[in-house]
Amino acid sequence: MAYAEVTDVEAGFRTLSEEEKTLCAHLLEEAATVIDAYNQDAAAERKQLVSCRMVRRQLDAGPGAAQNAVTFPMGASQGSASALGYSQTWTMSGGSVGELYLSKLEKKLLGVGDRIGARSPVEDLTV
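Each value, and the rule that gives it
- Residue numbering note: each chain is counted from 1, following its sequence as written.
- Where totals are concerned, whole chains, interfaces and linings use all residues; where local detail is concerned, this predicted model gives features only for residues with pLDDT of at least 70, and gives and counts side-chain atom pairs only at 80 or more.
- Computation of side-chain values: all heavy atoms of the structure, hydrogens and water removed.
- As used here, the term nonpolar core means buried Ala, Val, Leu, Ile, Met, Phe, Trp, Tyr and Cys residues forming a set that is joined through side-chain atoms within 4.5 Å.
- Buried residues are those whose accessible area, probed at 1.4 Å on protein chains only, stays under 20% of the maximum for their type, while exposed residues exceed 50% and partly exposed ones sit between those limits.
- Only DSSP runs of H or I covering at least 4 residues are called helices, and only runs of E covering at least 2 are called strands; the numbering of each starts at the N terminus.
- Whether two residues touch is decided by their heavy atoms; if any such pair falls within 4.5 Å, the residues are in contact.
- Nitrogen and oxygen atoms within 3.5 Å of one another constitute a polar contact, given that in protein one can donate a hydrogen and the other can accept it, and given that sequence-neighbouring residues count only through two side-chain atoms.
- Multiplying 1.5 Å by the residue count of a helix minus one yields the expected span of that helix.
- Arc definition: it is the arc formed by the directions from the helix axis to the C-beta atoms.
- Stacked, tilted and edge-to-face are the three classes assigned to paired rings of Phe, Tyr and Trp, where Trp is represented by its six-membered ring and a pair needs centres within 6.5 Å; plane angles under 30 degrees give stacked, over 60 edge-to-face, the rest tilted.
- By definition, being over a ring means that NZ of Lys or CZ of Arg is both within 6 Å of the ring centre and within 35 degrees of the ring normal.

Student: What exactly am I supposed to notice about the nonpolar core here?
Tutor: Inside soluble globular proteins, nonpolar side chains tend to come together where they are buried. Val9, Cys24, Ile35, Val50, Met54, Val55 and Leu59 are the most contacted members of the largest nonpolar core, which has 21 residues in total. Among the elements of the structure, helix H1 (6-10), helix H2 (18-39) and helix H3 (44-60) are those that each provide at least two residues to this core. Among the elements that make up this core, the one with the highest residue count is H2 (6 residues). With near-sequence residues (within four places) excluded, Val50 lies in contact with Ile35, Leu102, Glu106, Leu109 and Leu110.

Student: Mind showing me how you'd approach the side chain of Glu106 here?
Tutor: Of note, Glu106 is situated in helix H5 (residues 104-109). What makes Glu106 buried here is its relative accessible area of 0%. Within the structure, Glu106 has its side chain in polar contact with the side chain of Arg57 (distance 2.8 Å). In this view, Glu106 contacts Val50, Arg53, Met54, Arg57 and Tyr101; residues no more than four positions away in its chain are not counted.

Student: Would you take a moment to explain H2 for this structure?
Tutor: Residues separated by three or four positions in an α-helix point in the same direction, a consequence of the helix having 3.6 residues per turn. Along its 22 residues, H2 runs 31 Å from first to last C-alpha, staying within 8% of the 32 Å computed at 1.5 Å per residue. Turning to H2, its buried residues number three or more, namely Glu20, Cys24, Leu27, Leu28, Ala31, Ala32, Ile35 and Asn39. For H2, the angular spread of the buried residues around the axis is 165 degrees, confining them to a single face. The exposed set on the far side of H2, more than 90 degrees from its buried face, consists of Glu19, His26, Thr33 and Ala37.

Student: Explain the packing of aromatic side chains here, please?
Tutor: Two descriptors summarise a pair of aromatic rings, namely the distance from one centre to the other and the angle between the planes of the rings. Scanning the model with the defined rule gives 0 aromatic pairs in all. Residue placement shows Arg57 over the ring face of Tyr101; its charged tip is 4.2 Å from the ring centre.

Shown next as structure tokens:
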């Protein structure tokens, strides 16, 4: 079960090749599994948005991305480039290129993240 369609991923991103559409459909199912591991009860529209963002990052790392002259990978928090020395350096913020992962913003969209708390099972025993 996926929370988004291939056309949702393409909207506002780029037109995918037939090979990328097949890959996209599989990645959307994988993204749904990752999302459910964090919060199955998140709102449907948020799950759809997060699914699209996760899959776009993955597709941006593939061969089709090179055709679009992307200067840095999606999800990179830092980058560097040189000219005649042929050097590039990128720092990924939440995972690595080619990996489905949730960014800090996506975790917030799903209702998880920077929460601190504790629960004591002993308190349930008091009357």
